Amino acid sequence: MGWKEAAEPYLTRMPTVERPEGHVPFKRKLAWTGSILVVYFFLTNVSLWGLGAGASDLFGQFRSLLAGGQGTVLQLGIGPIVTASIVLQLLGGANLLGLDTNDPRDQAIYQGLQKFLVLVMICLTGLPMVFLGGFLPASDALAASLGIGTTGVKWLIFLQIFVGGVLILYMDEVVSKWGVGSGIGLFIVAGVSQSLVGGLLYWGGGTGSMGVFPFWINVLLGNIENVTFSTVLFNSTVGLLPIITTILIYAVVVYAESVRVEIPLSHARVKGARGRFPVKLIYASVLPMILVRALQANIQFLGRILKSWLGPGMPAWLGQYTSEMQVTGGLFYYLAPIHSPSDWMWWVSGIGAEPWQVLLRVAIDLTFMVIGGGIFAIFWVETADMGPEATAKQIQNSGMQIPGFRQNVGVIEKVMERYIPQVTVIGGALVGFLAVLANMLGTIGGVSGTGLLLTISITYKLYEEIAEEQLMEMHPMMRQMFGN
């Protein structure tokens with residue numbers, strides 16, 4: 001008996017959100033999407049009951065990318081979902097699962113396996129956060145009042161984190177099946193947009209916490225003393241460089257989304273019916289970047305857990321950390337991504353590391369993102385049935401063909417193989433390079449370069465999907481052409 005036969009009775013019984021039968025009106029889709037977004041913001045403001053003082057965020061500067069909220073029931077954000085997707089894509093890429101997602105039975109097993117892995121990742125991420133290193137300390141006062149001890153309160157905290165992880169899993173599924181876009185994309189856009197708006201408008205008490213508009217208004221009015229050239233140009237959130245970088249990244253991503261190779265199509269039976277199949281430069285979208293950055297986040301998460309576990313006994317070559325658990329040396333330092341200009345501009349920020357160490361860290365981050373972006377883009381295309389074979393079958397089933405070629409799946413697949421694999425790798429590598437560049441130059445609100453790229457691209461795709469939905473609402477016959 002294979003693993004599929006053994007696991008099928010359990011994986012197929014995992015709770016799931018039923019798919020709608022027939023077409024869901026556009027207004028109802030917007031209502032579901034808006035409702036889930038309201039619930040998401042509500043949960044990010046529900047603090048963990050029993051959490052003591054001195055909590056720290058293990059995700060650190062990955063927080064905006066992984067969504068959720070520090071010290072709330074959505075402490076883990078989309079981290080477990082993304083990590084489970086990485087494991088599944090690696091297993092699928094190595095052909096170890098033996099599942100055909102076109103088969104309804106295998107598809108049900110795959111979805112159940114994905115949910116099971118998410119539950120495992122919630123435990124593997126949440127338990128060390130609560131029970132190791134004091135990252136989420138328990139309230140001694142609550143422990144004394146309930147009489148269950150500190151360990152009992154920690155289990156209460158973990159239970160809330162577990163429930164939050166399960167809720168965000170099914171919220172993502174509701175949006176994907178009943179709403180517009182995907183839940184993961186929606187949560188990333190919500191978190192990053194919140195940081196961007198705060199980075200533009202927040203009127204803080206000092207230069208370090210002000211938004212862009214308040215800072216420059218105060219500079220022009222002369223209310224800020226000792227403004228240096230370095231602050232005006234290189235400040236990672238309000239300086240000229242992050243402002244220019246944010247605008248530049250926005251323009252590049254929107255332009256890259258419009259760059260495409262269009263393969264002409266014609267209907268085999270309806271004379272004069274023609275169309276085009278677009279192969280975009282960013283064919284796999286920027287979502288594979290979530291997987292690459294999540295992999296880096298998990299590596300840094302492991303380093304902090306090891307430091308909290310080993311303490312002074314942790315080898316210096318493996319990792320060196322400050323009291324605030326910021327990595328300053330060792331292997332985990334070189335594997336840490338660049339988050340802001342202060343991480344690599346040693347002539348401005350006075351970094352403790354040597355210039356060659358900083359440059360090596362930049363080179364490793366760039367290599368990791370460019371190569372990882374290309375690899376995960378390929379995995380994403382194959383998993384999402386966007387590869388040459390799946391695309392050829394879709395074109396064949398729609399009754400279309402490529403002019404000048406026989407109406408045959410194998411022939412169409414060979415034509416698609418000329419474009420899709422190459423464009424997928426180039427697009428994935430390009431997005432990885434842009435993400436590192438944005439981090440190095442800084443962005444408004446201190447959001448990560450990957451988060452900014454994801455937000456712009458996801459918003460652009462949401463715009464396209466909303467336009468398509470409105471077109472189908474206006475012309476119901478369009479639904480028959482594209483499928484319900």
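What you see is a predicted model, and the numbers here were worked out from it, not measured in a lab. (Residues numbered from 1 in each chain as written. Predicted model: local features only at pLDDT ≥ 70, side-chain atom pairs only at ≥ 80, totals over all residues. Heavy atoms only, no water.)

The subject of this paragraph is the overall build of the protein. Scanning the protein for helices and strands turns up 20 helices and five strands. The C-alpha radius of gyration of the protein comes to 24 Å, within 12% of the 23 Å expected for a compact globule of 484 residues. Across its three principal directions, the C-alpha atoms of the protein cover 70 × 60 × 45 Å. Counting only residues that meet the buried cut, the protein has 48% of its 484 residues in that class. Nonlocal contacts in the protein, meaning residues at least 24 apart in sequence, comprise 68% of its contacts between residues at least 6 apart. Accessible surface, the protein as shown: approximately 23300 Å² in total, 64% of it carbon and sulfur. Side chains of the protein give 27 positive and 28 negative charges; the mean places of these two sets differ by 6 Å. (Helix = DSSP H or I, 4+ residues; strand = E, 2+ residues; numbered from the N terminus. Rg over C-alpha atoms; globule rule 2.2 N^0.38 Å. Buried < 20%, exposed > 50% of the residue type's maximum accessible area, 1.4 Å probe, protein only. Contact = heavy atoms within 4.5 Å. Areas by Shrake-Rupley, 256 points an atom, 1.4 Å probe, with all protein chains shown as cover. Lys, Arg positive; Asp, Glu negative; His and termini not counted. Charge placed at Lys NZ, Arg CZ, Asp CG, Glu CD.)

We now examine the pattern of salt bridges. In this structure the tally under the stated criterion is six salt bridges. Between lysine 177 and glutamate 173 there is a salt bridge, with the nearest N and O atoms lying 2.8 Å from each other. Here glutamate 173 and lysine 177 lie together in helix H7 (residues 149-178), a separation of four residues that amounts to about one turn. Grouping residues by exposure puts lysine 177 and glutamate 173 together as buried. Here lysine 393 ties to glutamate 389 by a salt bridge, and the two come within 3.6 Å at their closest N and O atoms. Within this pair, lysine 393 and its partner glutamate 389 are both found in helix H16 (residues 388-397), separated by four residues, close to a single helical turn. Note on lysine 393: relative accessible area 36%, which makes it partly exposed. For glutamate 389, a relative accessible area of 44% gives the class partly exposed. Ionic contacts of the salt-bridge type, sharing partners, join the residues Lys115, Glu173 and Lys177 into one network. (Salt bridge = Lys/Arg side-chain N within 4 Å of Asp/Glu carboxyl O.)

Turning next to the pairing of strand S1 (residues 260-267). Consecutive residues of a regular strand have side chains that alternate between opposite faces of the sheet. When S1 meets strand S2 (residues 274-280), the two strands line up antiparallel, connected through seven bridges. Each bridged residue has a counterpart across the sheet, and for proline 264 the counterpart in S2 is arginine 276. Judged from the two bridges that link them, S1 and strand S5 (residues 400-401) form a sheet pairing that is antiparallel. Across the sheet, residue serine 266 finds its bridge partner in S5, namely glutamine 401. (Pairing = 2+ DSSP bridges.)

Position of phenylalanine 332 among the secondary structure elements: in helix H13 (residues 331-334). Residues phenylalanine 332 and phenylalanine 301, spaced 31 residues apart in sequence, show a C-alpha to C-alpha distance of 10.0 Å. Not counting the four nearest positions on each side in its chain, phenylalanine 332 is found in contact with Ile299, Gln300, Gly303, Leu306, Met314, Leu318, Gly319, Tyr321 and Val327.

We now examine the environment of phenylalanine 213. Note that phenylalanine 213 resides in helix H9 (residues 212-221). Given the relative accessible area of 48%, phenylalanine 213 is considered partly exposed. On a C-alpha basis, the gap between phenylalanine 213 and isoleucine 36 in space is 31 Å, while along the polypeptide they are 177 residues apart. Excluding its chain neighbours within four sequence positions, the residues that come into contact with phenylalanine 213 are Leu200 and Leu201.

An order of S2-S1-S5 is seen for the three strands of this open sheet, with the pairing classed as antiparallel. Two strands in the sheet have a free side with no partner beyond their single neighbour: S2 and S5.

Let us now look at helix H17 (residues 409-417). Considered for burial, the residues of H17 that qualify are Val411, Ile412, Val415 and Met416. End-on, the buried residues of H17 take up no more than an arc of 140 degrees, which puts them together on one face. Buried residues along H17 sit in contact with S1, S2, H16, S5 and helix H18 (420-441). (Arc of directions from axis to C-beta.)

A few words on H16. Turning to H16, its buried residues number three or more, namely Pro388, Ala390, Thr391, Ala392 and Ile395. Against S1, S2, helix H15 (355-383), S5, H17 and H18 lie the buried residues of H16.

Counted according to the given criterion, the structure contains nine aromatic pairs. Between phenylalanine 376 and phenylalanine 379, the ring centres sit 6.2 Å apart and the planes meet at 85 degrees, which makes this aromatic pair edge-to-face. Taken together, the residues phenylalanine 376 and phenylalanine 379, both in helix H15 and three residues apart, mark about one turn of the helix. Among the aromatic residues, those joined into a cluster by ring pairs are Phe131, Trp155, Phe158 and Phe162. (Phe/Tyr/Trp six-rings, centres within 6.5 Å; stacked < 30°, edge-to-face > 60°.)

Moving on, we get to the nonpolar core. Soluble globular proteins tend to pack their nonpolar side chains together in the buried interior. Of all hydrophobic cores here, the largest spans 111 residues; its most connected members are Tyr40, Ile78, Phe187, Ile249 and Leu454. If you tally residues by element for this core, the top one is H7, at ten residues. Once residues within four sequence positions are removed from consideration, phenylalanine 187 is found in contact with Ile36, Tyr40, Ala67, Ile78, Ile168, Met171 and Asp172. Counting 17 residues, the second largest nonpolar core, distinct from the first, contains Ile263, Phe277, Tyr283 and Ile395. (Core = buried A, V, L, I, M, F, W, Y, C linked by side-chain atoms within 4.5 Å.)

When two helices pack together, their arrangement is given by the angle between the helix axes and by the axis-to-axis distance. Remark: H16 packs on H17, axes separated minimally by 8 Å, with the N-to-C direction vectors making an angle of 130 degrees. With respect to H17, the axis of H16 lies oblique. Of the two possible hands of crossing, H16 and H17 adopt the one that is right-handed. Taking contact as the criterion, the partners of Pro388, Glu389, Thr391, Ala392, Lys393, Ile395 and Gln396 in H16 are, on H17, Val409, Ile412, Glu413, Met416 and Glu417. For the contact of H16 with H17, the class distribution of residues is six nonpolar, two polar and four charged. (Axes fitted to C-alpha atoms, helices over the stretch in contact; angles between N-to-C directions. Parallel < 35°, antiparallel > 145°, perpendicular 65-115°, else oblique. Left-handed = near helix turned anticlockwise from the far one by under 90°. Nonpolar A, V, L, I, M, F, W, Y, C, P; charged D, E, K, R; others polar.)

It is worth spelling out the side chain of threonine 455 at this point. Note that threonine 455 resides in helix H19 (residues 449-474). Residue threonine 455 is classed as buried on the basis of its relative accessible area of 7%. Of note is the side chain of threonine 455, whose polar atom sits 2.8 Å from the backbone oxygen of glycine 451. Once residues lying within four places of it in the same chain are set aside, the contact partners of threonine 455 are Ile188, Val189, Val192 and Ser193. (Polar contact = N/O pair within 3.5 Å; in protein donor to acceptor, adjacent residues only side chain to side chain.)

The next thing to look at is the environment of glycine 311. Topologically, glycine 311 is positioned in the loop between helix H12 (288-310) and strand S3 (320-321). When the C-alpha atoms of glycine 311 and tyrosine 321 are compared, they prove to be 9.8 Å apart, with ten residues separating the residues in sequence.

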